[in-house]
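Listed below, chain by chain, are the residues.
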Amino acid sequence: MKVVSWNINGIRTFRGGIKKALDSLDADIICVQETKVTRDLLDERTAIVDGYNSYFSFSRGRSGYSGVATYCKDVATPFAAEEGLTGLLTNHEGAVGCYGDQSEFSSEELQLLDNEGRAVITQHKITCQDKEQTVTVINVYCPRADPEKPERKQFKLQFYKLLQSRAESILKDGSHVIVLGDVNTSHRQIDHCDPSDIDDFGENPGRKWLNGFLHSEEEAIEDEPSEESEVTSSNPIHSGKFVDTFRYFHPTRTCAFTCWSTMTGARQTNYGTRIDYIFADCQLAREQFVAVDIRPEVEGSDHCPVWGQLSCSLQPSSKPPPLCTRYLPEFAGKQQKLSRFLVKVDQKSINSEPRDALPGSQEEEEKRENLNPSGAGNVSGKKRLLTSDCVAPKGKKTKTVKTSSKPQGSLLSFFKPKLTNVVPSTEAPEKTLSVDQVTSSQNSQEASTTSEDASSFTSSTPENTELFCEGSPQLCTSSTTEENDKKTKHLTLQPAVGHSDAKKGASSVFWKSVLRGPPPPPSCKVHGEPCVLRTVKKEGPTMGKQFFVCARPQGHASNPQARCNFFTWVDKGK
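Every value quoted in this text rests on a predicted model; they were computed, and no experiment measured them.

Caption draft 1: Highlighting the sheet that holds strand E16 (residues 532-535). Here we have 3 strands laid out as an open sheet, ordered E16-E17-E18, and antiparallel in their pairing. The outermost strands of the open sheet, each flanked by one partner alone, are E16 and strand E18 (567-569). Between one strand axis and the next, the sheet turns through 30° on average, direction left out of account. Note that E16 and strand E17 (residues 546-549) share 4 bridges and pair antiparallel.

This is the structure we're talking about:
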């Protein structure tokens, strides 16, 4: 059995071929975080992949934000699956259960903690030494503590507490537990590129939570070499029920980072943090895990995958649980699609189909439009008759609608190129003018005009007559004389060049004096290379100001290939 965790920083990472990407990770259970997709934007190609069954959790409040998904190979089909940690999002059979003590949380807090799509839980049958057991995989994307939003720090800690309560409750019920994903906290100094840069590193609330959640390395790791004692001796002994499996196998490996800043190019110098983990309960880690490592060579995101190999084998369920995306109405063939309104459909079959709830991100008007789209009464396949073909009942007055002399064409006719060589015609000049006039007035006038409109238009704007003659020759012949044509051409071909050039020159000098660009980039003092221009985006007195820094990627101060500390503000006065 093999599991993989990867913060993909958007489901578009898989756009080159999601099946190919999943296969390249070579795992039975693949947990991805930060999918940044809501249910209404999830397409079938992403949700249903041949050879896999998938389980998604979506953000309810913001689009393009958060979200996690678990892809299981068909040989690893779970027998239970659930979205979220609280149980509030579960209203189907096949739930995992075991919600623990939630008395510390208010009902509003519980709802908010599951509202951002940060957890998916799957439960699997495994065989360990000819004995059938259960393993529960909790895929999480823990919140980030935004320093500019103090309330998010509390939200992050509440999420940690809820995660621990749920994991320990499932473990107490008799199932093995694996918690994996982006935890958004580097545990120890060895997991950070430059811990000396952080004041009170060990006092961080997230690290304190990890200390209580994880078991002490001294007790969890057997036969630890004596030379490694210096690294772990600074850690206090903890009595948590889970193990950081990477440190179980690699207790002293340095520079083993899983996340790098893309803004500073820090991946080139491996100046990052290790915030992606595979946690497992102590017994499972000791008895079944055989290898854990990271894959920094895999690109496509600001994170890299983490994988773990177990010696136990999986027993697939005969049928995926109800949370599986293939059972969602939009993928199971129950929800009406746009194509249903473009073909002949039996009205009885439409009325018999249940209407599924629309995504919560849609506005009320959109809901009404989707539940009762315009023209719903016409979906039976009967063509709508044109006004010119309708026969009014006797004894009733009807409004006459001005229509084209020809029947309405197909949708494809609007995408055909315009004919340039149009023969002038006096029978229907208004049809040719209608296209040009709609284009020139940005669809502000009626599509059909009279020949009187054409003559008044050309006579009032002689300088534009020649321009319209290219697409509509009849405009020239119907309203201008040979003498007017000569005058028009004279005006068009011989403009007052001197006056306009002088005016443009003065205008150019003026705007260049006002809109001056940034000065040429200076060279940094250490490398002697041109710097790059940056802009302050953080709120404060310097927001919007520009500055120059060394163009090299961010790295440790001891790395000569990394960015030097050159910095200078852009002086707008120069």
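After presenting the structure, the write-up continues.
Caption draft 2: Geometry of the pattern of salt bridges. The tally for this structure, following the rule as stated, stands at 16 salt bridges. The residue lysine 19 makes a salt bridge to aspartate 23 at a minimum N-O spacing of 3.4 Å. With lysine 19 and aspartate 23 both in helix H1 (residues 18-25), this residue pair falls 4 residues apart, about one helical turn. In this structure, aspartate 293 engages arginine 253 in a salt bridge whose closest nitrogen and oxygen atoms are separated by 2.9 Å. Here aspartate 293, found in strand E13 (residues 289-294), pairs with arginine 253, found in the loop between helix H8 (245-249) and strand E10 (259-260); they are 40 residues apart in sequence, far enough to count as distant. For aspartate 293, a relative accessible area of 19% gives the class buried. Accessibility expressed as a relative area gives 30% for arginine 253, which makes it partly exposed. Here the salt bridges do not stand alone but share partners, grouping Asp191, Asp244, Arg247 and Arg274 into one network.

Caption draft 3: View of the sheet that holds strand E14 (residues 306-310). An order of E3-E4-E2-E1-E14-E13 is seen for the 6 strands of this open sheet, with the pairing classed as mixed. Edge strands, defined here as strands with exactly one partner in the open sheet, are strand E3 (52-57) and E13. Taking the axes of each pair of neighbouring strands and ignoring which way they run, one obtains an average angle of 15° across the sheet. Summarising the sheet, E3 and strand E4 (residues 68-73) pair through 6 bridges and their orientation is antiparallel.

Caption draft 4: Representation of the packing of aromatic side chains within the structure. This structure, assessed with the given rule, holds 11 aromatic pairs. Between phenylalanine 213 and phenylalanine 279 the ring centres are 5.7 Å apart and the planes differ by 65°, which places this aromatic pair in the edge-to-face class. Placement of phenylalanine 213 in helix H5 (residues 205-213) and of phenylalanine 279 in strand E12 (residues 276-281) is noted, with a sequence separation of 66 residues between them. Note on accessibility: phenylalanine 213 and phenylalanine 279 belong to one class, buried. Here tyrosine 277 and phenylalanine 279 contribute two aromatic rings whose centre-to-centre distance is 5.0 Å and whose plane-to-plane angle is 25°, an arrangement assigned as stacked. By the burial criterion, tyrosine 277 is buried, and phenylalanine 279 matches it. Here the aromatic residues Tyr160, Trp209, Phe213, Phe242, Tyr277 and Phe279 are joined through ring pairs into a cluster of three or more.

Conventions and cut-offs
Residues numbered from 1 in each chain as written. Predicted model: local features only at pLDDT ≥ 70, side-chain atom pairs only at ≥ 80, totals over all residues. Heavy atoms only, no water. Pairing = 2+ DSSP bridges. Helix = DSSP H or I, 4+ residues; strand = E, 2+ residues; numbered from the N terminus. Axes fitted to C-alpha atoms, helices over the stretch in contact; angles between N-to-C directions. Salt bridge = Lys/Arg side-chain N within 4 Å of Asp/Glu carboxyl O. Buried < 20%, exposed > 50% of the residue type's maximum accessible area, 1.4 Å probe, protein only. Phe/Tyr/Trp six-rings, centres within 6.5 Å; stacked < 30°, edge-to-face > 60°.

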